Every structure is written in C-alpha cells, then in structure tokens.
Amino acid sequence: MKAATARLLTYSIVGGLAFVAMRATPPLPSSPSLKAPASVASLFDFVHRTANEITPEVTVAPLVVVANDKDRIDTLVVAGVIHSNLFNAIDKAAGEALPRGARNGLAFSLADIFEYRVDMSRDLQDGDRFHVLVERVEKPTGAVVVNKVLAARLALSGNEYDAIHFKSDATSGEYFDSNGRSLRAAFLRAPVAFRRISSFFGLRFHPILGRWRNHAGTDYAAASGTPVRTIGDGIVSFAGRKGGYGNVVEIRHRNGFVSRYGHLRGFARGIRRGTRVDIGKTIGFVGMTGLATGPHLHFEVLVGGRQRDPRVALRMHGGEPIPSHEQPTFQRLRDNSLASLLAYKLAGTN
Ligand SMILES: [Zn+2]
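Here goes a summary of the coordinates provided. (Residues numbered from 1 in each chain as written. Predicted model: local features only at pLDDT ≥ 70, side-chain atom pairs only at ≥ 80, totals over all residues. Heavy atoms only, no water.)

In this section: the overall build of the protein. Scanning the protein from terminus to terminus reveals six helices and 18 strands. Counting across all 350 residues of the protein, residues that qualify as buried make up 51%. A separation of at least 24 residues holds for 65% of the contacts in the protein among residues at least 6 apart in sequence. For the protein, the computed accessible surface area is about 16500 Å², with 50% contributed by carbon and sulfur atoms. (Helix = DSSP H or I, 4+ residues; strand = E, 2+ residues; numbered from the N terminus. Buried < 20%, exposed > 50% of the residue type's maximum accessible area, 1.4 Å probe, protein only. Contact = heavy atoms within 4.5 Å. Areas by Shrake-Rupley, 256 points an atom, 1.4 Å probe, with all protein chains shown as cover.)

By the definition in use, this model includes three cavities of 30 Å³ or more. Considering only enclosed or pocket space, the largest cavity measures out at about 100 Å³ in volume. Ala111, Glu115, Ala190, Phe194 and Arg229 are the residues nearest the centre of the largest cavity, which is lined by 14 residues in total. Sorting the residues of the lining of the largest cavity by element identifies α3 (100–113) and α4 (194–201) as the ones contributing at least two each. (1 Å grid on protein atoms, 1.4 Å probe; cavity = no way out; pocket = protein on both sides within 12 Å on 5 of 7 lines; lining within 4 Å. Points joined across faces, edges and corners; volume = space filled by probe spheres on them.)

Another aspect to go through is the packing of helix α2 (residues 86–94) against α3. Each pair of packed helices gets described by two things: the angle between the helix axes and the distance between those axes. Here α2 crosses α3 at 130 degrees, and the two axes come no closer than 9 Å. The angle between α2 and α3 places the two elements in the oblique class. α3 is crossed by α2, and the crossing has right-handed handedness. Contacts between α2 and α3 pair Leu86, Phe87, Ile90, Asp91 and Ala94 from the former with Arg100, Arg103, Asn104, Leu106, Ala107, Phe108 and Leu110 from the latter. Of the residues that constitute the contact of α2 with α3, the class distribution is eight nonpolar, one polar and three charged. (Axes fitted to C-alpha atoms, helices over the stretch in contact; angles between N-to-C directions. Parallel < 35°, antiparallel > 145°, perpendicular 65-115°, else oblique. Left-handed = near helix turned anticlockwise from the far one by under 90°. Nonpolar A, V, L, I, M, F, W, Y, C, P; charged D, E, K, R; others polar.)

In total, this model carries nine aromatic pairs according to the counting rule given. Measuring from centroid to centroid gives 5.7 Å for phenylalanine 87 and phenylalanine 108, while their planes differ by 80 degrees, and the two rings are edge-to-face. You can see phenylalanine 87 sitting in helix α2 and its partner phenylalanine 108 sitting in helix α3, a full 21 residues away along the chain. Across the pair, exposure class does not vary: phenylalanine 87 and phenylalanine 108 are buried alike. Taken together, the ring pairs in this structure connect Phe87, Phe108 and Phe194 into an aromatic cluster. Looking at arginine 122, its charged tip hangs above the ring of tyrosine 220, at a distance of 5.1 Å from the centre. When the ring centre of phenylalanine 238 is taken as origin, the NZ or CZ atom of lysine 242, which lies over that ring, is 4.5 Å away. (Phe/Tyr/Trp six-rings, centres within 6.5 Å; stacked < 30°, edge-to-face > 60°. Lys NZ or Arg CZ within 6 Å of the ring centre and 35° of its normal.)

Here the focus is α2. For an α-helix, the turn length of 3.6 residues means that residues three or four places apart are oriented alike. For α2, the tally of buried residues reaches seven of nine residues, placing the bulk of the element in the interior. The N-terminus of α2 is capped by asparagine 85, whose side-chain oxygen sits 2.9 Å from the backbone nitrogen of phenylalanine 87. (Polar contact = N/O pair within 3.5 Å; in protein donor to acceptor, adjacent residues only side chain to side chain.)

Its 14 residues give α3 an end-to-end C-alpha distance of 20 Å, which sits within 8% of 20 Å, the value for a rise of 1.5 Å per residue. Those residues of α3 that sit buried are Ala102, Arg103, Leu106, Ala107, Phe108, Leu110, Ala111 and Ile113. (Expected span 1.5 Å × (residues − 1).)

The next point concerns the environment of valine 77. With respect to the secondary-structure elements, valine 77 resides in strand β4 (residues 72–81). It is 9.6 Å that separates the C-alpha atoms of valine 77 and leucine 342, two residues lying 265 residues apart in sequence.

Core analysis: the biggest nonpolar cluster contains 34 residues, and Val78, Leu106, Phe114, Met120 and Phe130 have the highest contact counts within it. Of all elements in the fold, only β4, α2, α3, β5 (129–138) and β6 (144–156) reach the threshold of two or more residues within this core. In terms of residues, this core owes the most to one element, α3, which gives seven residues. Those residues in contact with phenylalanine 114 that sit more than four places away from it in its chain are Met120, Ala152, Leu154, Tyr161, Asp162, Ala163 and Leu183. Counting residues in hydrophobic clusters, the runner-up holds 26 residues, among them Ile231, Val249, Ile283 and Leu314. (Core = buried A, V, L, I, M, F, W, Y, C linked by side-chain atoms within 4.5 Å.)

Spatially, β10-β16-β14 is the arrangement adopted by the three strands of the open sheet, whose pairing is antiparallel. In this open sheet, the two strands that pair with only one neighbour each are β10 (227–229) and β14 (266–267). With three bridges joining them, β10 and strand β16 (residues 282–285) adopt antiparallel strand pairing. Within β16, the residue paired with arginine 229 across the bridge is threonine 282. (Pairing = 2+ DSSP bridges.)

Rendered as structure tokens:
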C-alpha cells in the first residue's frame, strides 16, 4: 500500500459544497474475501499519508482496497450542508462520485444508522451538516453502489451525532457514538421508516396536513397502506376505533410510556389488546380513518397519561457501552475516523 501512487481525479466545488475524490493507482493486489479487507487502522494511515503527499488542501482521500477479483472497493468522504433535505444535499456533495441509486442508498443508510437518535424526516433544518465516510463498490459491470458506512457525523441545530462502525467481540459490527455506546436504544425515533416517508412526500420537509381541533402529536405523511412500526418493545393496550383517531393502536412500554398510532387503514395481523410486540414490528398501516383529510399517521407519546414531545421523551443518551477491554481499540478507530471525516472542511464552516 505504501508504494501506491495517488493522483487527483476530481476536485470540484459546487455552490459551497465540496467533493474530493482521489484514487490510488495501480490497483492493489487482491485479497481473498470481500468480508476481510485490510485493517481499518492501516487504511486510515494511508489516508493521512496520501493526503499530505498530494496537497495540503486535499485533507481526506478515499482509500483503495481491492477485496477480490470482481469488486473494486474504495472509500470516500461525502460531506455537505443540508438546505432542503438530505437527498438534495447528498446529490450536490456526491453527484460526481456516486450514481443516483447509490446516493439514495447512502441517504437511507444514514437514516437507518441514526434511527434511534434522529428522525431524519423531521429533525433536519436548513444549515445542518453531514460528513460520511463510506465504502464505494464498483462491480465488474461498472455499476457503482455504496457498501458500508464506516463513520458519520451529523451536526443538527448545533448538536453533534457521531456514528462509528466497530466490530466488537460480541457483535459482527454495529454503530457506536463517540463515547463508545451503541446507537441502538429502547426506542426508534420515528414510527414510519424514513425510506417509506421520503418515497411518498419526496423532497419536501414537513408536509402540511389537515388537522382536527385540539390536535397534538406528530403527523407523518405517507401513502395509504405504508407499514407503521412500534417504536419500542411493549404490549398492545388498545387496538380499535376511537373518535377522531379512527383506527388506533396504543402500546404500553416497559418504562411506562405509551405510544399511540392513529388514522390507521387497518391493523397488522395478530395486533389486538394484550399482544406483545418487539421494537420495529409492523402494527398497522397508514390510512385516513377518523378526522383526517389525507392519508397520514398521527403519532403521540404519552408519559403519565399526558402527551409529550417525542423529540424530548424519546431522546436517548446512549445504549450499551463497548466492554472496557475493547475500549482502547475502539478509541483508536474513533479518533482516526473522526479525524478523517473532520479534516474535510466544508466551505463556510470551521
Ligand atoms: Zn395528527
């Protein structure tokens, strides 16, 4: 890897969004398996060394790994400022590096990685920023797809959310925050998967929906029939019709929270009072029963019987920590990952 020479392929700035891509040539020798690339730490060493050799302005370089004879894998940083939504931001940041399908795939991957911390359909604001270190795979056919996201940082309204992919002894690889706590938590932040919502309302941020009097709660526009998932493990305490809610499911969670899902077209099989459900399980389908002027999910979180803002009630401060004996390994990976991500400066930011 040390012998690889690098050349700058692309360096363009599009309206304040920068994209940098470098590729090392010639290709590196094959390693035996797609699932067993060289160690990440050594790859990051390569990033820093290569970047310094090229030019001080180019602070992050993709890595090149040839994992087998068929696929060519490299790694790149995609970073940008969000103005309208995540899709547009990724389009601008990676339009030259990734085809549309891969860009959408990257948006969905980010939503999945942060789904216990961030409601990607509602929590983004103009001026928020993202940095992602992601593997890019070029198939023998020439098709380009995104593989694993190695690290990411979201800066949303001044709050930073980090995700570091780490393979611990106990897991085959999952995401941890910068404190070494799993991003998995007791509750998902949204009752409808981001990819389901975005496919319906497209590029708009907050769909405007008809509202009934004394409306409180959060509305998610989605096509009629879109699956609705429970945000956490729990027991169904109500499934039936209830006034303006129409068909509604209520789930009582272990910590005493109740989540409520209204206007459903119908219930998932087996969902009735007393049914035990696991986090993420489909409990019903988006509809417009009750007082609704269009298909959407009406979602509430109740604490002690009172409605609470889900953004506050569901705020999570970290899941299971990495075992102490693995912390040093994780911390090295984290430091390298974040250094690589953040060495990439966005125009107009520090
Ligand atoms: Zn509503």
